[in-house]
Amino acid sequence: TDLGNIHYLWWLLEVCMNTAIKGIVVSLFVAFAVVLLSSANWIMAALATLTIGSVMSSVIASVLLVGYDIDAGACVLIIMVIGMAIDY
């Protein structure tokens, strides 16, 4: 095996995980702002944000409990969960 490729794949996985985490945080803030602006009710915005965060965390936890490893494909799926949780 080529050690350069292993280091590159490790770096790619780290970048994917950081991007997924940043995407989750940004999407929660944007969802809170959108619900707050559209409803003018901070309680509803907080509850909606909590619901979206719960959906994302339960899906990610389910994936980990099933036994999947966090690899590049899982990072892509985590980023897709963000979009599905917001759209739903």
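Residues numbered from 1 in each chain as written. Predicted model: local features only at pLDDT ≥ 70, side-chain atom pairs only at ≥ 80, totals over all residues. Heavy atoms only, no water.

(A) Quick peek at the overall build of the protein. The number of helices and strands found in the protein is three helices and zero strands. When its helices and strands are written in sequence order, the protein yields α-α-α. For 88 residues, the compact-globule estimate of 2.2 N^0.38 gives 12 Å, and the protein exceeds it by more than 25% at 16 Å. Summarising its shape, the C-alpha atoms of the protein cover approximately 55 × 25 × 15 Å along the three principal directions. Here the protein holds 88 residues, and 18% of them are scored as buried. For the protein, restricting intrachain contacts to residue pairs at least 6 apart in sequence, the fraction spanning at least 24 positions comes to 64%. (Helix = DSSP H or I, 4+ residues; strand = E, 2+ residues; numbered from the N terminus. Rg over C-alpha atoms; globule rule 2.2 N^0.38 Å. Buried < 20%, exposed > 50% of the residue type's maximum accessible area, 1.4 Å probe, protein only. Contact = heavy atoms within 4.5 Å.)

(B) Summary view of a nonpolar patch on the surface. Among the surface-exposed residues, V55, V59, V63, V66 and Y68 lie close enough to one another that they form a single nonpolar patch of about 420 Å² accessible area. Tracing the backbone through its elements, the reader meets Y68 in the loop between α2 (42–66) and α3 (72–87). With a relative accessible area of 55%, Y68 lands in the exposed category. (Patch = residues over 30% accessible without salt bridge, like charges linked within 9 Å, V, L, I, M, F, W, Y side chains within 5 Å. Areas by Shrake-Rupley, 256 points an atom, 1.4 Å probe, with all protein chains shown as cover. Salt bridge = Lys/Arg side-chain N within 4 Å of Asp/Glu carboxyl O.)

(C) Main features of α2. In this model α2 runs 36 Å from its N-terminal to its C-terminal C-alpha over 25 residues, within 8% of the 36 Å that 1.5 Å per residue would give. Within the span of α2, buried status applies to A45, T49, I52 and M56. At the N-terminal boundary of α2, the capping side chain belongs to N41, with an oxygen 3.1 Å from the backbone nitrogen of I43. Phi for G67, located one or two positions after α2, is positive at around 115 degrees. (Expected span 1.5 Å × (residues − 1). Polar contact = N/O pair within 3.5 Å; in protein donor to acceptor, adjacent residues only side chain to side chain.)

Any link to function would need more than the numbers given here.
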